[in-house]
Amino acid sequence: VYSRDVSTTYRKLQALGWTALGEPVDYRESYFHVRQVVASGPNGFMLAIIQRYSPPVTDVPPFDGMSVIFNSTQMVASLDRALEFYPRLLGWSVNNRFDITSQAEPGADVLGLPLPQANTAVRRLAMLRSPWQDPAAIELIENQSMHGRDFSADCIAPNVGILCLRMPVADARAYAAEIRSRGASLYTKPQRLPVAPYGTLDMFSVRSPEGAILEFFTRVGA
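What this report covers is the structure whose coordinates are included nearby. Think of each chain on its own: its residues are numbered from 1, step by step along the sequence as written. Under the rules for a predicted model, residues below a pLDDT of 70 receive no local features and side-chain atom pairs below 80 are neither given nor counted, while totals for whole chains, interfaces and linings still include all residues. The side-chain figures draw on all heavy atoms in the structure; neither hydrogens nor water molecules are used.

**A closer look at the environment of Glu 84**
Item 1. For helices the rule is a DSSP run of H or I covering at least 4 residues; for strands it is a run of E covering at least 2, with both sets numbered from the N terminus onward. Looking at the element boundaries, Glu 84 is found in helix 2 (residues 79–90).
Item 2. As a C-alpha pair, Glu 84 and Phe 70 span 14 residues in sequence and 23 Å in three-dimensional space.
Item 3. What qualifies as a polar contact is a pair of N or O atoms within 3.5 Å, subject to a donor-acceptor requirement within protein and to the restriction that residues adjacent in sequence count only when both atoms come from side chains. A distance of 2.4 Å separates a polar atom in the side chain of Glu 84 from a polar atom in the side chain of Arg 88.

**What to know about the pairing of strand 12 (residues 213–219)**
Item 1. Of all seven residues in strand 12, six are buried, a share of seventy percent or more.
Item 2. Paired strands, as defined in this entry, are two strands with at least two bridges between them according to DSSP. Here strand 9 (residues 164–168) runs beside strand 12; their pairing, made up of five bridges, is parallel. When the sheet's bridge partners are listed, Arg 166 is paired in strand 12 with Glu 215.
Item 3. In terms of strand pairing, strand 11 (residues 199–207) meets strand 12 through seven bridges, oriented antiparallel. Residue pairing in the sheet places Leu 201 in a bridge with Arg 219 of strand 12.
Item 4. Following strand 11, the chain reverses through five residues before pairing antiparallel with strand 12; Gly 211 in that reversal takes a positive phi of roughly 95°. Three exposure classes are used, based on accessible area relative to the maximum for each residue type with a 1.4 Å probe and protein chains only: buried under 20%, partly exposed in between, and exposed over 50%.

**Brief notes about helix 4 (residues 172–181)**
Item 1. Of all the residues in helix 4, the buried ones are Ala 172, Tyr 175, Ala 176 and Ile 179. All buried residues of helix 4 lie within an arc of 105° about the axis, which places them on one face of the element.
Item 2. Contacts are assigned to residue pairs that have any heavy atoms within 4.5 Å of one another. Elements in contact with the buried residues of helix 4: helix 2, strand 10 (188–195), strand 11 and strand 12.
Item 3. Gly 183 sits one or two residues past helix 4 and shows a positive phi near 100°. The arc in question is formed by the directions pointing from the helix axis toward the C-beta atoms.

**Some remarks on the layout of surface pockets**
Item 1. By volume, the second largest pocket is sized at about 170 Å³.
Item 2. Think of a 1 Å grid over the protein atoms and nothing else: a 1.4 Å probe that fits but is trapped marks a cavity, an open set flanked by protein within 12 Å on at least five of seven lines marks a pocket, and residues with an atom within 4 Å of a point count as lining. Around the second largest pocket, the lining comprises 14 residues; the ones closest to its centre are Tyr 187, Thr 188, Ser 205, Ile 213 and Glu 215.
Item 3. If you list the elements that add at least two residues to the lining of the second largest pocket, you get strand 9, strand 10, strand 11 and strand 12. Grid points are joined across faces, edges and corners, and a volume is the space filled by probe spheres set on the points.

**Here we look at the pairing of strand 4 (residues 46–54)**
Item 1. The pairing of strand 3 (residues 32–40) with strand 4 spans eight bridges and is antiparallel. Each residue of the ladder has a partner; that of Val 34, found in strand 4, is Arg 52.
Item 2. Linking two consecutive strands that pair antiparallel, namely strand 3 and strand 4, is a turn of five residues; a positive phi of about 90° is found at Gly 44 within it.

**Some thoughts on the sheet that holds strand 7 (residues 123–129)**
Item 1. Spatial strand order, 5-8-7-6: four strands in an open sheet with mixed pairing. Of all strands in the sheet, those bounded by a partner on one side alone are strand 5 (72–75) and strand 6 (93–100). Taken over all neighbouring pairs, the strand axes of this sheet differ in orientation by 20° on average, direction set aside.
Item 2. Looking at chain direction, strand 7 and strand 8 (residues 137–143) are connected through seven bridges and run antiparallel. Bridge pairing in strand 8 links Met 127 to Glu 139.
Item 3. Helix-sheet contacts for helix 2 involve strand 5, strand 6, strand 7 and strand 8, and the interaxial angle to strand 7 is about 5°. Axes, fitted as lines to C-alpha atoms, cover a helix only where it is in contact. Angles between the N-to-C directions of the axes lie from 0 to 180 degrees.

If you want it as C-alpha cells, here you go:
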C-alpha cells in the first residue's frame, strides 16, 4: 500500500503491536525513489508500506492515510517459469524487469535478508500488470542465492493465512475461456456463489507454477 507518511503510519501500527523487518528506509531502485517499511502484524500478515517520492503516485484512487492495496509480492523458485505463465497464459504484461546483483538489498533491510548474504545474493524481479482497465499487479521475486522449504502443497482450504489473491474482472466466465484457449488449466471452474462482502459472484481460479491460487470474480448484476 502507499502512505503519505510511512514513518508516522508505522509508529501507529507499532502502538497496535506490529513489528517490522527493519526501520523505514529511503532507497532508489530501477526508476523508483521511495521510503518503505515491511510491517508484520500480530498474526504474521506482512504489509509493505511505501511513500513514493518519484515518480508521483497516479495509479491508485486518492487516499489520506493508506491507499488501497495496489500490488502483491510472490516469491518464486523460477522467474523464467513464472514469466512463461503470467504473460503467455494469463495475458498479463511485464511492467518492469530488473536484477539486483553484487549489492545489499535496496534500503539495506527492506526484505529482511541478512546483510552478509544480501551483499552477494542474486535477486531477479519482475512487476506484472493485468490486461483489464483497472489493472491488478503482482511483483515476482526469485532469490537465486538463498533457499527455503516449499509449502505450496499446503495452500489448500481449510488453512490459515492468505489462501489466494482475489481480483475483480469484467467478465469472469469470458476470461476463464480465454485462459483455457491459451492452454492453461483451471484450478476451479467458473461457478456462481454468494461471497461476503461482495454479494453473488461468478468466479474461477487458477494456480501458478509455484502453487499460488489466483481467483478472479465478477459481481452478478453489477
